[in-house]
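Notes for the structure review
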Amino acid sequence: MAAAGAGRLRRAASALLLRAPRLPARELSAPARLCHKKVVDHYENPRNVGSLDKTSKNVGTGLVGAPACGDVMKLQIQVDEKGKIVDARFKTFGCGSANASSSLATEWVKGKTVEEALTIKNTDIAKELCLPPVKLHCSMLAEDAIKAALADYKLKQEPKTGEA
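Going by an unreviewed UniProt entry, the protein carries the name Iron-sulfur cluster assembly enzyme ISCU and comes from Bos taurus. Check the Sequence similarities (unreviewed entry) section of the UniProt entry for the protein; it says "Belongs to the NifU family."

If you want it as structure tokens, here you go:
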């Protein structure tokens, strides 16, 4: 008797499972469901991850953080003798939107002059990545990291006291 009841229960459960709508596994992943495809692309395929030699005179390093969420972003630029940014790298400890913002920022600064890079705004990054309001701080971090890296580079270009 118990075996017959168990068999009916198994058949009923199987019938319910077979009728349940199924979504592709890709649609079930949290990043794909909660983030714009551009954020997911930069998160899954980050551009320019890594570090440059921070002791080099032509490398500027910006390290910024957001205490509210714990995101930390390091962005570095390498500038040639004509003032053009020839390379950029980042390392970010944070959410997908923070990683995507820094990845995009490194793409955008490459090929620009130091002055042109200063015109990159967090609103442009947020718009490009379609960031929701709750993630706007990620694009603000990226803008701050760019400015900090440029400031560090400019500081290294100033003659040291005692030099002639």
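From this point, the discussion proceeds with the structure in view.
1. Overview of the sheet that holds strand β1 (residues 59-66)
Strand pairs in the sheet, formed through backbone hydrogen bonds, run parallel or antiparallel to each other. Here three strands make up an open sheet; going across it, the order is β1-β2-β3 and the pairing antiparallel. In this open sheet, the two edge strands, each paired with only one partner strand, are β1 and β3 (85-93). Each strand axis lies, on average, 15° off the axis of its neighbour in the sheet, ignoring direction. As judged from the eight bridges shared by β1 and strand β2 (residues 71-79), these two strands associate in the antiparallel manner. If you follow A66 over to β2, its bridge partner there is D71. Contacts between helix α5 (residues 96-109) and the sheet are confined to β2 and β3, with β3 contributing the most and set at about 175° to the helix. Each of β1, β2 and β3 touches helix α8 (residues 136-157); the most contacted strand, β1, lies at about 145° to it.

2. Considerations on the nonpolar core
With 29 residues, the main nonpolar core has I77 and V109 as its most contacted residues. Here this core takes eight residues from α8, the largest share from any one element. Setting aside chain neighbours within four positions, we find V109 in contact with I77, I85, A88, A117, I120 and I146.

3. Notes on α8
For α8, built from 22 residues, the straight-helix expectation of 32 Å at 1.5 Å per residue is met to within 8% by its first-to-last C-alpha distance of 32 Å. Of the surrounding secondary structure, the elements contacted by the buried residues of α8 are β1, β2, β3, α5, α6 (114-117) and α7 (122-129).

4. Observations regarding a nonpolar patch on the surface
Together, L63, V72 and F93 line one region of the surface with nonpolar side chains, adding up to about 340 Å² of accessible area. Tracing the backbone through its elements, the reader meets F93 in strand β3.

5. Things to note about the pattern of salt bridges
This model, assessed by the stated rule, comprises seven salt bridges. For E107, the salt bridge goes to R47, with nearest N and O atoms at 3.4 Å. Here E107 is found in helix α5, whereas its partner R47 is found in the loop between α4 (37-44) and β1, with 60 residues between them in sequence. Looking at E107, the relative accessible area reads 33%, which means it is partly exposed. For the salt bridge of D152 with K156, the shortest nitrogen-to-oxygen distance reads 3.9 Å. Within this pair, D152 and its partner K156 are both found in helix α8, separated by four residues, close to a single helical turn.

What counts and how
Residues numbered from 1 in each chain as written. Predicted model: local features only at pLDDT ≥ 70, side-chain atom pairs only at ≥ 80, totals over all residues. Heavy atoms only, no water. UniProt positions renumbered as here; feature names shortened; annotations may be inferred. Pairing = 2+ DSSP bridges. Helix = DSSP H or I, 4+ residues; strand = E, 2+ residues; numbered from the N terminus. Axes fitted to C-alpha atoms, helices over the stretch in contact; angles between N-to-C directions. Contact = heavy atoms within 4.5 Å. Core = buried A, V, L, I, M, F, W, Y, C linked by side-chain atoms within 4.5 Å. Buried < 20%, exposed > 50% of the residue type's maximum accessible area, 1.4 Å probe, protein only. Expected span 1.5 Å × (residues − 1). Patch = residues over 30% accessible without salt bridge, like charges linked within 9 Å, V, L, I, M, F, W, Y side chains within 5 Å. Areas by Shrake-Rupley, 256 points an atom, 1.4 Å probe, with all protein chains shown as cover. Salt bridge = Lys/Arg side-chain N within 4 Å of Asp/Glu carboxyl O.

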